[in-house]
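# Summary of the model geometry
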Amino acid sequence: VAVTPSVAPRETARPASPDLPFDVEADVVVVGGGGGGLPTALFARWLGDEVILLEKATELGGTANKAAFWYWVPNNEPMRAAGLTDTKEGYLRYVARLSHPERYDADSPTFGLTEWEHAALSAIYDSASPATELLRERGALPYRHCPAVPDYWSEIPEDAAPYGRVLVPVDASESMSDGGKHAVRTLSAAAERDGVDIRTGHRVQRVIMRGGRVAGVEASTADGRVHRVGARKAVVFASGGFTHDDDLRTNFLRAPVFPGCAAATNEGDFVRIASAVGAQLRNMNSAWMCPVPLERSGRPDLVGMFSVAGDSMLFVDPRGRRVVNEKLPYNELAQAFFRWDGSTGTYPDLVLVQIWDQRSQDHSASDEYGRLIVPPGADDS
């Protein structure tokens, strides 16, 4: 029995013909209907633009469906209401120190950042809280404040506001592990309510160039049809990374990385599309990472271990030696796997073994956040 795939196969990413007419046109075309694309489509729509959102998968959400969806908002409204001070200078010192520790200069007007970097990080401070409040006021992303959640590097002296910057979707559970599902639900409902033209099952394969600008895209559907979608003002790509493309991971990442926990549709389509039109790619040799259970790597239901359980749990190498502080933030914890041993020409810690005692089993078992210490009867495969 022939089974029709739910997602169109990948085709060439070369620019499409500029001469053929558009099948449909809007002011703004957003590619990707996840945690980035849905708010982008809403903001454009609320500014009065006609918006078409194209999503490759058959449902909205992407990787956000698996996420806790904490979002980090400096100087947010609940902080201000609680009397917590989060100045722009203090924020910039903190993010500059973390972004480029080798260049950080406490006495520099830009703290060692380039003018472009300083402006980009300043824009986050200026825009994040107003954007958050607009999403909340219009029912697209109601939130609750997490005043007791610290920043990941709250202990460094440059963090003058170590608590209070974290918000989560209001309906998230106490553990917050399901926040992404609630965020996708409310963002999607707002987009439908406010007139965003949402088209799932549309895989954007190439851009349409006219007069030196991106004027639209071509998207294909699983039944083999190609749709030409024009953009009078802009095309915005929010289509995810290349977690599930072996060639792109091998060619760009500095170390051997197993398939991760992103949505299965994260196959790097934008990298190929952008490269075909000469766009400059930056910072392609690393990623925001977390440990993943090797037994589940590549499975669609894989969830990364963003919060590793067990106060007395250890990560050990194949020889049984502890090699890392297990309580590091997940991105930093993941870097331990990629230690290179020049004397043996290997990555000796690429696969680590998690061991724990009865105390961890009794007090830390959970099937959330991709944890390996699960309650009796839960899936531990």
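Residues numbered from 1 in each chain as written. Predicted model: local features only at pLDDT ≥ 70, side-chain atom pairs only at ≥ 80, totals over all residues. Heavy atoms only, no water.

Helix-helix packing is characterised by the crossing angle of the two axes and by the distance between the axes. The N-to-C vectors of helix α1 (residues 37-46) and helix α5 (residues 179-193) enclose an angle of 30°; their axes lie 10 Å apart at closest approach. By the angle between their directions, the pair α1 and α5 is classed as roughly parallel. Relative to α5, the crossing made by α1 is left-handed. Touching L38, P39, L42 and W46 of α1 are V184, L187, S188, A190, A191 and R193, all from α5. Within the contact of α1 with α5, the residues separate by chemical class into eight nonpolar, one polar and one charged. (Axes fitted to C-alpha atoms, helices over the stretch in contact; angles between N-to-C directions. Helix = DSSP H or I, 4+ residues; strand = E, 2+ residues; numbered from the N terminus. Parallel < 35°, antiparallel > 145°, perpendicular 65-115°, else oblique. Left-handed = near helix turned anticlockwise from the far one by under 90°. Contact = heavy atoms within 4.5 Å. Nonpolar A, V, L, I, M, F, W, Y, C, P; charged D, E, K, R; others polar.)

Another aspect to go through is the sheet that holds strand β4 (residues 143-145). As summarised here, the arrangement of the three strands in space is β3-β5-β4, forming an open sheet in which the pairing is antiparallel. Of all strands in the sheet, those bounded by a partner on one side alone are β3 (71-72) and β4. Taken together, the two bridges between β3 and strand β5 (residues 166-169) define a ladder with antiparallel strand orientation. Paired with Y71 across the two strands is L167, which belongs to β5. (Pairing = 2+ DSSP bridges.)

Once that is clear, we can look at the sheet that holds strand β6 (residues 197-200). One key point about sheets: their strands pair by backbone hydrogen bonds, in either a parallel or an antiparallel sense. As summarised here, the arrangement of the six strands in space is β6-β2-β1-β9-β8-β7, forming an open sheet in which the pairing is mixed. Of all the strands in the sheet, the pair left with one neighbour each is β6 and β7 (203-210). Recorded for the sheet is a direction-independent mean angle of 40° between the axes of neighbouring strands. Looking at chain direction, strand β8 (residues 213-220) and strand β9 (residues 226-237) are connected through five bridges and run antiparallel. Each bridged residue has a counterpart across the sheet, and for G216 the counterpart in β9 is G230. Helix-sheet contacts for α1 involve β1 (24-31), β2 (51-55) and β9, and the interaxial angle to β2 is about 170°. Packing against the sheet, helix α7 (residues 269-276) makes contact with β7 and β9, and its axis sits at approximately 20° to β7.

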